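# Per-entry structural report
Next come the chains, spelled out residue by residue.
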Amino acid sequence: MEIPVPAPAKNANYSVAPIRQQFDYFSSYTSIIKTFTEKVKDLEAERDEMQLQVTDVRSNGEEIADSVIKWLNDVNAFLVESNKFLNEGTNATDANCIKGLLPNLCSRYQLRKKVEKKMKDMEALMKRKNFTQISKDVQPPSIEFTIDEDFVPFDSRKKIADEIWTSLKSDDIQMIGIYGMPGVGKTNLVAQIGKQAESSNFFDVILTVVVSQNPDILHIQDRFVGKIRRTKFHEKTTEGRASQLHKILETRLEEGKKILVILDDVWEKVKMSDLGIPFSYDDSKFQKSCKIVVASRDERLCLQMGCQKIHKVEPLNQNEAWSLFEKIVDHDILTMDRRNIASQIIKACGGLPLAINIIASMLRNNNSLDCWKDAVSKITRANLDRRMFTVLQLSYKFLEKESDAQELFLLCSLFREDADIPIYDLLIYGLGWGLFQDTTTLELAFMRVNARVEYLKSSSLLLEGTKKEFVKIHDIVREYALSVAHKDQHMFCVEAGSKFDNLASTDSLKLCTSISLQINDAANFPSKLELPELKILKLERGFNCPSLVLPYDMIAPMQKLKVLSMYGIQIMALPPAFKYFQELHTLSFDSCEIEDISIIGELNNLFFLCFRGCNIKALPEEIGKLTKLKILDLSKCEELTLVLSNVISSLSRLEGLLIGYFKGWAVSTEDNRNNYASLEDLKSLSNLVLLEVHIPDIELWPEDLLFENLTRFKISVGGNFETQEQAFGSSKILKLKDVIHSPLKKGVDDLLQTAEIIYMQNMTNFQNGLYEQRDVTCFLELKCLHIKDLNEMKYLADATIAKVEVFPRLEILTIRSLAKLEEINHGDLLGKSFGELQELSLGWLPQLMSILKSPAESAPLQNLRTLTVWGCHKLKSIFSQSMVRNSLQLVDIKVEDCEALEEIVDYESELEVSDIVFHQLRFLWLSGLPNLKSFLSSANTLAEDNHQAPCIRVGLFQQVAFPKLELLVLKNMHSLREIWSNPSQLELSFPRLKSLYLIKLPNLMHVLDMDSCETICFQSLNILEISSCPMMEVVATIKENATALIKFPYLQSMSLRYLSNFQGFHTERSTLFDGKVWTIHIYITMGTTKYQQEMLFLLTLCTSTCSSFYMFSF
């Protein structure tokens, strides 16, 4: 029987619970505030821990991931707000109590609600902290494989390269040796192997270094780790670094990565354990995945190092040698008489490419038959071992017709083996030594040294450096230069220790005019240097020497000394002998720790003074006495904070000032009580032609400061140059950042209009482009333009205002994060506008509607080689048909995250529809394009006419061909169902495709349709990866009961990942595919209904065709 309940009691049942819940807010107020306070402290500890990791990563030279930076910023903002809330909110609540005794229940209730909201926000922040890595996942620097310009891929070299490549793929061979006589081409061969390894993507990590005759282990380790992680070592010793490097590489191996190490020019046995390279005959992991190539002159050394396969590089045969000679020498002068002599010269060179290169470079434009006869006579008289030196001797003698070229060549021998030689150092050493005396200005001297360097490179006596402002010298050529320098000029390049002591025991040092002394052990530092004839002295601390202090009285008075250079040396005080160096013209301290150098003011004839990378904090006042000084170099002096006004302004003859890291410029006012240097001081330097300077704030720039005579400059205003902005090979570089000043000051605007490289970031002017209100002659020299965060800019160039050819010499254009940019050019382009553009990169331009607009007859992208587009969400197409037909040089296209993009090439109704051919394209990357319908819009016309859904039902690549394409990546494209609808399309339009990546294509059903074909051949494919394509069942569809064959004759690696519905390569199981696969990775999702069938199929497929098979189940 149910007991009746009065109405009020029923209502109470419904009201008690909510009231109790609200009461809990009041009763647990203190507890929740205490919990929140503790969690705030925990979050602060997490923040501090992360900040320590960030500091550590930054100290290694690595960049911090954007997600980490955002998390730290969000946490800091949250903590500031939470602490303020705890301090103010709780105090206010307590103050609102009745006479401070009874709690204010309403306030506490509201406060608890806020705390609970903050607790949820805090929990979300903590979840976001689960970072896989702190640093950015940036690509390591590209490997510099320098191959001679005159390199010819001869059949004999190709055969060796193929044999080496086969050895690299073998699971049984880890170390491979290459040997051959000097000058036979070993370096070019290993460079070719490196390039092949890089382009094939077979190896994930490629490390290459020149070991040289005197191996510097610390330097080699630095090179290796820099190429892996763009980072630095924590360890200082070779043993510690070897251990750290070994762990890094072993981790890569455990991740399934493949590593290639190339050691070139090895003279003596090097232990892999000393370098930190994983090496073991007993560990199959190392054998299969860590390959080592050693190049040496000596076969026995290859055997001693444990090379399992050794290849000899033979000299060129007669036909190959003749082809190389003909490639270099002008055909117009190869008359019958000269061809006969040339045959004798080639035979005398013994098939050595280096010898042929040098002698052919000497004779290439020489019309004198007697000179040709003299050359062959001298070479044939020499015995085989001396013929290379005879060739070099002839080429060296031929330099006599260009003044100073021989001396500059010998000067290069004073730099360490395989060094990158700065052309700038050749300038200041050469001028100090007395070269280029007929050049009356610094600019003329720059031009002369550059001309001589180019002449030496064209003579094959110097090589290109790793960067444009450096050169290198081949080790054999350097040996010859040293022998000549020693014999004719009494110049030496030796290592401190027994070699130097042997020299000192003879009379050689008494006649010595130049010496480069490398100190690898502080104990070997000479106690006294007394060289009365010395003109050039280079003291250099080796990488193996952690610290080196200059003895106070080591350097004796040397009255003929003209050039003194020190690298990496600690100098407590300059020796008193310095005051006797009255003929000293060049004094260079590079990366030195300097204490007292006040005596420097007595060097009255000093022309060039360099403190590059030194630790000086204040520029000595005594430098103001050096009234003949032409160049003052304070570049990379990061600790420099104090320069007095009268120092720089006193140097009235100064032609070059490099002070790029100094941030202590004073405001240019009459009330400069501390007498600190300001930019006003630069007005007195009327001869200035070279300037490198950083100006923290545009307001420091005087209105009347103009640099009308500058021919070379590197100037940053607002923000200093970042690492990736260290542009080389250009003489006029300008960076403007956070310059909120409209209009620009005249001095800055003049530099902007004449610069060759410009970086612009976070500026509010330039709404209608760079040409607005500027002279028609502006930007004629501009080669490289980088723009970021100019949020008012609508157009880069308004052709309706500027009736000129815009940016006619621009080669590189990068535009990032311009919120209002609608068009790159507004209005039709004229003539040669953008005609030299080679690289175009556009990122995060949400309003961009088109890339370049121009009449069909113009060709603004005729030289474009690289195009990168991402985050342009209003862009519907990349090219017009007419632009593509004119873009004959395109090599690389990458398009990502463009939501509205419907086609890559837009159909133009006024043009005849025909196939589009990208003749030179090698790399194509398409990702994050959800609305892409087709590559060429005309190919999708039929589907649109039939009102089909916006999904690619025909092949993506209709009416378009890529005869040289090697890499194709398709990723995050929701509309894609099929790649190729016609097999012949694949074979004819993609004949060289080597790597195919299909990633995160949720609607992809199959790769190609084979209904009309029985056989399809991926004739060049090396790598196939299909990942995260849940709808994909087969690679190819074929007719029912039909027989079809897919051929992969060169497939090396295949990876199938996360294909939950994958059934096989065909709809019919009667055939599989033809071809051997080196490595197969299969990732299978457990528990699917087709798991057993899939497993059986893949096992059948793989076990009979691949050498390495890895299956991972989830």
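Residues numbered from 1 in each chain as written. Predicted model: local features only at pLDDT ≥ 70, side-chain atom pairs only at ≥ 80, totals over all residues. Heavy atoms only, no water.

## Concerning the sheet that holds strand E34 (residues 934-936)
- One open sheet accounts for three strands, arranged E29-E31-E34; its pairing is parallel. Since the sheet does not close on itself, it has two edges, and those belong to strand E29 (879-880) and E34, each with one partner.
- Summarising the sheet, strand E31 (residues 903-906) and E34 pair through two bridges and their orientation is parallel. Counterpart to glutamate 903 in the pairing with E34 is serine 934. (Pairing = 2+ DSSP bridges. Helix = DSSP H or I, 4+ residues; strand = E, 2+ residues; numbered from the N terminus.)

## A closer look at the side chain of arginine 157
- Tracing the sequence through the fold places arginine 157 in helix H5 (residues 155-169).
- Buried and unpaired, arginine 157 has glutamate 320 as its nearest opposite-charge partner, separated by 4.9 Å.
- At 3.0 Å, the side chain of arginine 157 forms a polar contact with the backbone oxygen of glutamate 314.
- Setting aside chain neighbours within four positions, we find arginine 157 in contact with Val184, Leu189, Val313, Glu314, Pro315, Leu316 and Pro353. (Buried < 20%, exposed > 50% of the residue type's maximum accessible area, 1.4 Å probe, protein only. Lys, Arg positive; Asp, Glu negative; His and termini not counted. Salt bridge = Lys/Arg side-chain N within 4 Å of Asp/Glu carboxyl O. Polar contact = N/O pair within 3.5 Å; in protein donor to acceptor, adjacent residues only side chain to side chain. Contact = heavy atoms within 4.5 Å.)

## A closer look at the confidence of the model for the chain
- When pLDDT is averaged along the chain, the result is 80; 82% of the residues meet or exceed 70.
- Note that pLDDT drops below 50 for residues 95-102; the model gives that stretch five contacts with residues more than four away or on any other chain.
- Within the model, the stretch residues 1084-1097 combines pLDDT values under 50 with 29 contacts to residues more than four positions away or in other chains. (pLDDT = per-residue confidence, 0-100.)

## Digging into helix H8 (residues 238-254)
- Taking 1.5 Å as the rise per residue, H8 with 17 residues should run 24 Å; its terminal C-alpha atoms sit 24 Å apart, in good agreement.
- For H8, the set of buried residues is Gly240, Arg241, Ala242, Gln244, Leu245, Ile248, Leu249 and Leu253.
- Positive backbone phi, at 90°, marks glycine 256, one or two positions downstream of H8. (Expected span 1.5 Å × (residues − 1).)

## Focus on the side chain of histidine 694
- Looking at where histidine 694 falls in the secondary structure, it is placed in strand E19 (residues 690-695).
- By relative accessible area, histidine 694 is classed as buried at 3%.
- Among the polar contacts made by the side chain of histidine 694, one reaches the side chain of serine 716 at a distance of 2.8 Å.
- When sequence neighbours within four positions are dropped, the list of residues in contact with histidine 694 reads Ile659, Gly660, Phe662, Lys663, Trp665, Ser716, Gly718, Gly719 and Asn720.

## Focus: the environment of leucine 785
- Tracing the chain through its elements places leucine 785 in strand E23 (residues 784-788).
- Owing to a relative accessible area of 0%, leucine 785 belongs among the buried residues under this scheme.
- Along the backbone, leucine 785 and isoleucine 757 are 28 residues apart, and their C-alpha atoms lie at a distance of 5.9 Å.

## Regarding the pairing of strand E41 (residues 1023-1027)
- Summarising burial for E41: five of the five residues are buried, a large majority.
- In E41, alternate side chains face the same way, and those of Ile1023, Glu1025 and Ser1027 on one face and Leu1024 and Ile1026 on the other are all buried.
- In terms of strand pairing, E41 meets strand E44 (residues 1053-1057) through five bridges, oriented parallel. Pairing of glutamate 1025 across the sheet is with serine 1055, part of E44.

## Describing helix H15 (residues 369-381)
- For H15, with 13 residues, the first-to-last C-alpha span of 19 Å sits near the 18 Å given by 1.5 Å per residue.
- Elements in contact with the buried residues of H15: helix H12 (318-328), helix H13 (336-348), helix H14 (353-363) and helix H16 (387-398).

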